[in-house]
Structure formats: C-alpha cells, structure tokens
Amino acid sequence: MSLQIHLTERQQHILWATVRHYIATAEPVASKALVDEFNLSVSSATIRNAMNVLEKEGLLYQPHTSAGRVPSDSGYRIYVDQLITPSEQLAGKVERVLDRLDWSDGHIEAVLRGASQILATLSGYITLITLPQTATTRILHLQLVQIEPGQVMLILVMDTYETQSILIDLRGNKKTGKFTKNEAVTISQKPEILEEELQILSNFLNSKLRGKAFSELSGLDWTELDREFQHYADFIKTLLTDLSQRAQTPAYTRILISGLAEVLRLPEFSQLQQVKTIIQLLEEEQEQLWPLIFKGNESETSGKRVKVRIGSENTLEPIRSCTLISATYRRGTIPLGSVGVLGPTRMVYENAIALVEAAADYLSDALGGGNVGSYPEGHPQHRHKKIVDAP
C-alpha cells in the first residue's frame, strides 16, 4: 500500500521527527518537544502549523483535545515508504549472529527455532518463521536401512537440510500408509538378502528421485520399470503415495513463534484481553495468520521484497493495532518459507525491516543450494555436502 500525499520538505522532516519521538517515548508529541530534541531550525509556532497540516492530511491525530499528536497508520506508512532507510549496521549484525547457528545435525526445525529466538531478542518483537514448505523441498539423498528383522526405515535428506524418516513393516503393517500382504512379500525378509536388496533399491530410487519435489512424486510414471525392479513395483508405489501425501500437510501448522514475552513489556500490550486474542491467534488460529505472513509477501505494485502491513492494513482483527513485517526466503525463485516480526505500530521500522530482510537473505543463502566449493569452510553448504555424501 502506498499513499500519494504531497508534503513539503519541512512537513516531511516534522513528520519524521514526530514519528521518531513517539516511537522512543510512547507519549503524544508536542511542538516544544520537537524543538528541544531535533534541530529543525524553525520556531515552535511553525512546527505547530505544520503539524496541523499533517493532521488534516490524516497523518497525525490527537488522542485527546489537550494532548500532543500521535502518528496514524497513514503517517507510519509515509514514514516507512519515504522517510527512512533500513539499518545496514543491524543487517550486518543479524547475519553475523545467525552465522553461529549449528547446522551440523541436519534438524532444520531446531535451527530455525534457534534463529527465531535470536531474532526476537534482537528486535524486541514477536518473531514468526515458517518451516520450508514440504511441497517445494527436494530430495537430495535417500537410504533404505534395516532397523530390526522385518522392519525397514526410509531416511530422506532434503535440500533444506531436513532429515525425514518413514518406518516400514515388511510383515504387512506400515505406520504411515498401508501395505497389503502381497506388497509385504515383494522384499525379502532374510537379513543377508535384505541388506543387499535395500542397497540396490536405494541406489535405484536415488537415481529416479534425486532432485524431485514431494509435489512431483505423484505424477511420476512407474509403469515401465527396469526388469530387475519389476517385483518391487507395489512396494515403490506405496512408498511414493506416502511421500506425496506429505506434500499435502497443511502448511499453516508450521510457524515457529518466539518473543511473546518481549512485547508484553510494551505499553501497547498492557490490556489483558488484547494479549489473549493475539496469543489465541498465534497458538490456535495459525491458519488465519498464514496467508498474511507467507502468501503475497512481495508487493506486486511496489516490487519491494519486504512486506510491511501497518495497523488497519492487517485484515485480522487481533492484530489491527500491530505491524507485521515479513519477507520470503527462497531457493532461486521458488519461495520456501517466510520470516516475520509482529509488534506494535510504534515500531523501530529501520531496525525491524533490516532484521527481516537480513534473516531472509541468510536463510535463502543457507537453504538455496549452489556450488559448495564457492562457500568458506564452516558455511552450512559444506555441512550440507557432508550429509549428502555420507554413506
């Protein structure tokens, strides 16, 4: 959303100063406060006249007749779109801190939860990070291994560093999905034969599935299998059905949230009922929040990567007094997930925007693939290569 309001340079400067002062103090701003705090080189009367104009334009308002002015949602919008530049210093700090995250165990949820906590601490606001979308993640490596007599586990390594596993009971019962008795005998249950068969089948599946997204698996044609793999057809079909179903898991259940305790200290969240509705939205109604944080993150009209929804621009009632800032992290041009912060409209926008964009850039670099050799030792891409190359 962009407002087309023409302001003089002086009016812009006074709007900027008013917003900055209100963000810092949470108190309505009087002209004298601006004279004392900012070098505006004009009288208090001149500032009052400018503030009157800004109020008529809907950019400021008076909460009480005798009070100073407070920025409106429209005032914040002008401030964000025209009067500030995201903090490069904070962006650099965010990247340095996130680079300390430990990717070595391959558990992407634990890494992103750590990132969410870091960002909440740095911003002072609620942080929301969505896990990479199952439908768009791609298989890098898979392995079938025997767990115990009659049981096999399929281990998947995804291009997001996430490791997933599926337990298969060769005696006719599968914990995820169903096997018929005929399907159960397509693989030998003799340990010495089974180990060799599993390695052969793992190599075959890797050759067919590496680089495929879960969403592509249901459309693969397995009618013409190589002759030596014909008797595995039912087993493969059932396995792929299970993998395809994983792509249908509701994405809105996968939002990691940190920092609620941080914002409860702010005066905007002093009312218990308001806090309860926000907590309910974050914990119990994430399906409503999902379209705001992930879908349509990038404005089609402005072309800006970071989406800033201020106050009434949010369609959900519990957060219509809040600002939600979000950006997608990607693999190439494909959106994988989203990073966002949620806080009061009285937000330090220069920092919050820089933080969200830097975090999205970091996750795009870490999860987006690329030539491992081009990254320094210790970068997540190197750990990624070690996982994929492991036997």
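The structure this text deals with has already been given above.
Throughout, residues of each chain are indexed from 1 in the direction in which the sequence is written. Where local features are concerned, this predicted model is filtered to residues with pLDDT of at least 70; where side-chain atom pairs are given and counted, the filter is 80 or more; whole-chain, interface and lining totals use all residues. Hydrogens and water molecules were not included; the side-chain quantities draw on all heavy atoms of the structure.

Caption draft 1: Expanded view of the overall build of the chain. Within the chain, the secondary structure is distributed over 15 helices and eleven strands. Between buried and exposed lies partly exposed: a residue is buried under 20% and exposed over 50% of the maximum accessible area for its type, with that area taken using a 1.4 Å probe on protein chains only. Across the 391 residues that make up the chain, the buried fraction comes to 51%. Residues are treated as being in contact if the distance between any of their heavy atoms lies within 4.5 Å. In the chain, once contacts between residues fewer than 6 apart in sequence are set aside, the share between residues at least 24 apart is 61%. To be clear on the numbers: accessible area is Shrake-Rupley with a 1.4 Å probe, and residue cover counts the displayed protein chains and nothing else. Roughly 18900 Å² of accessible area belongs to the chain as shown, and the carbon and sulfur atoms make up 49% of that amount. To qualify as a helix, a DSSP run of H or I must reach at least 4 residues; to qualify as a strand, a run of E must reach at least 2; elements of each kind are numbered from the N terminus.

Caption draft 2: Structural detail: helix H13 (residues 286-293). When we look at burial in H13, the residues that qualify are Gln286, Leu289, Trp290, Leu292 and Ile293. On its buried side, H13 packs onto strand E3 (126-130), strand E8 (255-258), helix H12 (272-284), strand E9 (307-310), strand E10 (322-331) and strand E11 (334-344).

Caption draft 3: Layout of the pairing of E10. The element E10 is extensively covered by neighbouring structure, given that nine of its ten residues are classed as buried. Should DSSP find at least two bridges between two strands, the strands are taken to pair. Between the antiparallel neighbours E10 and E11 lie two residues, among them Gly332 with a positive phi of about 65°.

Caption draft 4: A look at the pattern of salt bridges. Any Lys or Arg side-chain nitrogen found within 4 Å of a carboxyl oxygen on Asp or Glu counts as a salt bridge. Applying the stated criterion across every chain, the model contains ten salt bridges. In this structure, Arg113 engages Glu109 in a salt bridge whose closest nitrogen and oxygen atoms are separated by 3.0 Å. Of the two residues, Arg113 and Glu109 are both situated in helix H6 (residues 108-123); the distance of four residues between them amounts to about one turn of the helix. Exposure remark for Arg113: the relative accessible area of 34% places this residue in the partly exposed category. What makes Glu109 partly exposed here is its relative accessible area of 39%. Residue Arg346 is joined to Glu268 by a salt bridge in which the shortest nitrogen-to-oxygen separation is 2.5 Å. Here Arg346, found in the loop between E11 and helix H14 (349-367), pairs with Glu268, found in the loop between helix H11 (260-263) and H12; they are 78 residues apart in sequence, far enough to count as distant. Accessibility expressed as a relative area gives 10% for Arg346, which makes it buried. Residue classification places Glu268 among the partly exposed residues on the basis of a relative accessible area of 24%. A cluster of three or more residues bridged by salt bridges with shared partners is formed by Arg77, Asp81 and Glu313.

Caption draft 5: Main features of the nonpolar core. Put simply, buried Ala, Val, Leu, Ile, Met, Phe, Trp, Tyr and Cys residues joined by side-chain atoms within 4.5 Å make one nonpolar core. With 83 residues, the main nonpolar core has Leu15, Leu34, Trp103, Leu128, Ile325 and Tyr349 as its most contacted residues. Here this core takes 13 residues from H14, the largest share from any one element. Leu15 has contacts with Leu7, Leu54, Leu59, Leu60, Gly75, Ile78 and Leu83, leaving out every residue within four places of it along the chain. Core analysis: the next-biggest nonpolar cluster, separate from the first, contains 23 residues, Val152, Leu239, Leu240 and Leu243 among them.

Caption draft 6: How the structure looks around the sheet that holds E10. Here five strands make up an open sheet; going across it, the order is E8-E3-E11-E10-E9 and the pairing antiparallel. Looking at strand neighbours, the two that pair on one side only are E8 and E9, the edges of this open sheet. Direction aside, neighbouring strands of the sheet carry axes that sit 15° apart on average. Along the sheet face, H14 touches E9, E10 and E11 and points at about 20° away from the line of E10. A fitted line through C-alpha atoms represents every axis, and for helices the fit uses only the stretch in contact; the resulting angles, taken between N-to-C directions, go from 0 to 180 degrees.

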